[in-house]
Amino acid sequence: MRGREGSAIVLAMLLLVLLNAIGMYAVSRPVPVPDSARHHHQSFVARNMARGGAHAAIAQLPSVFPEGAPYVRRIPSGEDATGRYSVTSQRIPGAGYGYRLVSEGTVPGSSAGRYMVRAEVRMEGGRTRIVRWEEIGPAAATGSAER
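Since the model is a prediction, treat every value here as computed from it, not as a measurement.

**Some points on helix H1 (residues 7-28)**
Here comes step 1: The terminal C-alpha atoms of H1, which comprises 22 residues, lie 32 Å apart, in line with the 32 Å expected from a rise of 1.5 Å per residue.
Here comes step 2: Among the 22 residues of H1, zero are classified as buried, and the element is accordingly described as predominantly exposed.

Take a look at the structure:
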């Protein structure tokens, strides 16, 4: 047994290197994404675009873009999707500093990638108050058709 001293540790290290290589190969392989997951992702991107557009418009009140003219912004949201939001503002007649905003978030080329936020906002004494907030979109984004 004199000639075999330390051979167990060498074999253990070789086994460790071999298992590590197999594990790295298994983890680095691309995993196919099913269409349902892609639609789910697109609906979430559209929802976040619509919410982001509404909040961006509220932050710009009262010096918001011209009444009735949509403000459109495209934002990259991943390797295969570019989200977009379009916000239209309208003054509420007789409401002082009241605005009605409609923000629509979309992911082009997808039926699941459409989402809308309707908000009613009042400006009172330098403060902005959201009076009404309505979200409408695909069931995958919220768990129901309307929220």
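Structure shown, so let's carry the discussion forward.
**Remarks on the nonpolar core**
Here comes step 1: Membership of the largest hydrophobic core comes to 18 residues, with the highest contact counts inside it found for Leu61, Leu101 and Val121.
Here comes step 2: At seven residues, helix H2 (residues 35-60) tops the list of elements feeding residues into this core.
Here comes step 3: Residues contacting Val121, with those up to four places away along its chain left out, are Ile58, Leu61, Tyr97, Gly98, Tyr99, Leu101, Thr128, Arg129 and Val131.

**Observations regarding a nonpolar patch on the surface**
Here comes step 1: A grouping of Ile9, Val10, Leu11, Met13 and Leu14 is seen on the molecular surface, where their side chains present a nonpolar patch of about 530 Å² in accessible area.
Here comes step 2: Its location among the elements puts Met13 in helix H1.
Here comes step 3: With relative accessibility at 53%, the residue Met13 sits in the exposed group.

Each value, and the rule that gives it
- Residues numbered from 1 in each chain as written.
- Predicted model: local features only at pLDDT ≥ 70, side-chain atom pairs only at ≥ 80, totals over all residues.
- Heavy atoms only, no water.
- Helix = DSSP H or I, 4+ residues; strand = E, 2+ residues; numbered from the N terminus.
- Expected span 1.5 Å × (residues − 1).
- Buried < 20%, exposed > 50% of the residue type's maximum accessible area, 1.4 Å probe, protein only.
- Core = buried A, V, L, I, M, F, W, Y, C linked by side-chain atoms within 4.5 Å.
- Contact = heavy atoms within 4.5 Å.
- Patch = residues over 30% accessible without salt bridge, like charges linked within 9 Å, V, L, I, M, F, W, Y side chains within 5 Å.
- Areas by Shrake-Rupley, 256 points an atom, 1.4 Å probe, with all protein chains shown as cover.
- Salt bridge = Lys/Arg side-chain N within 4 Å of Asp/Glu carboxyl O.

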